[in-house]
Amino acid sequence: MKNKKNISLWEAYLTKEIGIEFKACLYFFAILFYYCVYRMACGIFDASIIHMAELILTCYAICYLQVYLFGNFDEADKLRGREIAGMIVCTVLYTAVSYIGKWFDRKIPVTLGFVAYILFMYICVVLIYRTKRKIDDKKLNEDLKIFQADHKK
């Protein structure tokens, strides 16, 4: 059922799914970058298809957790307990899968670097979403002023 003022259940679901798709691709690319830099540092100039499959599946699974279990913590206005807990849990999950899957050949220093990279990535994404919201708010306020000015005439 759809009310004129509210979005339908389908539209709400679709919006979340598109957000998850976007996040999974963003995180996949960011983590693939770290993986490729590691491989090149080892003198290897190709990537394992198995590792990339594990990586994308992990990204999707963790993005679902982010959205449905941890309240979309990377889009939060402020990082509080739930958001920080989500960030830590998801980082631990990425790290565990990377270690089990031997993405970084179970090298502890590289894996610890990966932990720092994931946390840095999350902080960057939080800042990007916060900046985007500010820009969107500014644009909406400008549009509202134009709309109000047009309707006063």
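Keep in mind that this is a model prediction, so the values were computed, not measured. Note that residues are indexed from 1 along each chain, following the sequence as it is written. Given that the model is predicted, a residue must reach a pLDDT of at least 70 before its local features are reported, and side-chain atom pairs must reach 80 or more before they are shown or counted; all residues, however, enter totals for whole chains, interfaces and linings. Processing note: side-chain calculations cover all non-hydrogen atoms of the structure and skip hydrogens and water entirely.

A.B. asks: An account of the packing of helix H1 (residues 9-41) against helix H2 (residues 49-68) is needed here, citing residue identities and associated values.
C.D. replies: Running from N to C, H1 and H2 cross one another at 135 degrees; their axes reach a closest spacing of 8 Å. Considering the angle they form, H1 stands oblique to H2. Judged by the sense of rotation from one axis to the other, the crossing of H1 with H2 is right-handed. Three classes are used: nonpolar for Ala, Val, Leu, Ile, Met, Phe, Trp, Tyr, Cys and Pro, charged for Asp, Glu, Lys and Arg, and polar for all others, with Gly counted as polar. In terms of residue class, the contact of H1 with H2 is built from 18 nonpolar, 2 polar and 4 charged. Note on method: axes are straight lines fitted to C-alpha atoms, helices fitted across the in-contact stretch only, with angles between N-to-C directions ranging 0 to 180 degrees. The secondary structure listing takes helices from DSSP runs of H or I that are at least 4 residues long and strands from runs of E that are at least 2 residues long, numbered from the N terminus. What sets the label is the angle itself: under 35 degrees gives roughly parallel, over 145 gives roughly antiparallel, 65 to 115 gives roughly perpendicular, and the rest give oblique. In this scheme the crossing of two helices becomes right-handed for a clockwise turn of the near helix relative to the far one and left-handed for an anticlockwise turn of less than a right angle.

A.B. asks: Give a description of H2 that names residues and reports values.
C.D. replies: Helix span, expected: 1.5 Å multiplied by one less than the number of residues in the helix. Helix length check: H2 (20 residues) gives 29 Å between terminal C-alpha atoms against 28 Å at 1.5 Å per residue, within 8%. Among all positions of H2, only His51, Leu55, Thr58, Cys59, Ile62, Cys63, Gln66 and Val67 are buried. On an axial view of H2, the arc spanned by its buried residues comes to 155 degrees, and they lie on one face. Away from its buried face by more than 90 degrees, H2 exposes Ile49, Ile50 and Leu57. Polar contact criterion, stated in full: a pair of N or O atoms within 3.5 Å, where within protein one must be able to donate a hydrogen and the other to accept it, and residues adjacent in sequence count only if both atoms are side-chain atoms. Where H2 begins, the capping side chain belongs to Ser48, and its oxygen is found 3.2 Å from the backbone nitrogen of Ile50. When accessible area is computed with a 1.4 Å probe and restricted to protein chains, residues below 20% of their type maximum are described as buried, those above 50% as exposed, and intermediate ones as partly exposed. Working definition: the arc comes from the directions between the helix axis and the C-beta atoms, pointing outward to the latter.

A.B. asks: Run through the environment of Glu142, naming residues and quoting values.
C.D. replies: By the secondary structure assignment, Glu142 is in helix H4 (residues 108-152). Exposure remark for Glu142: the relative accessible area of 44% places this residue in the partly exposed category. Residues Glu142 and Phe45, spaced 97 residues apart in sequence, show a C-alpha to C-alpha distance of 49 Å.

A.B. asks: Let's hear about unusual backbone geometry: which residues, and what values?
C.D. replies: The phi dihedral of Asn72 falls on the positive side, at around 60 degrees, and the residue is not glycine. Considering the arrangement of structural elements, one finds Asn72 in the loop between H2 and helix H3 (81-100). Overall, the relative accessible area of 21% leaves Asn72 in the partly exposed class. Despite not being glycine, Lys102 shows a phi value in the positive range, around 60 degrees. Looking at the element boundaries, Lys102 is found in the loop between H3 and H4. The exposure class of Lys102 is partly exposed, given its relative accessible area of 43%.

A.B. asks: Break down the pattern of salt bridges for me, citing the residues and quoting the values.
C.D. replies: Counted as salt bridges are all cases of a side-chain nitrogen of Lys or Arg within 4 Å of a carboxyl oxygen of Asp or Glu. One pass over the structure, following the stated rule, counts 5 salt bridges. With a closest N to O distance of 2.9 Å, Glu75 and Lys23 form a salt bridge. Taken together, the residues Glu75 in the loop between H2 and H3 and Lys23 in helix H1 connect sequence positions 52 residues apart. A relative accessible area of 29% means that Glu75 is categorised as partly exposed.

A.B. asks: Describe in detail the confidence of the model for the chain, supporting the description with residues and values.
C.D. replies: Confidence of the prediction at every residue is given by pLDDT, a number between 0 and 100. Here the chain averages 93 in pLDDT, and 96% of its residues register 70 or above. When mean pLDDT is taken per element in the chain, H2 scores highest with 97 and H4 scores lowest with 92.

A.B. asks: An account of the packing of H3 against H4 is requested, with residue identities and associated values reported.
C.D. replies: Between H3 and H4, whose axes approach to 10 Å, the crossing angle comes to 145 degrees. You can see that H3 and H4 cross each other, and the crossing is right-handed. From H3, Met87, Cys90, Thr91, Tyr94, Thr95, Ser98 and Tyr99 reach across to H4, where they touch Ile108, Thr111, Phe114, Val115, Ile118, Leu119, Tyr122 and Val126. Split into classes, the residues belonging to the contact of H3 with H4 amount to 11 nonpolar, 4 polar and no charged. The criterion used for residue contact is that any of the two residues' heavy atoms lie within 4.5 Å.

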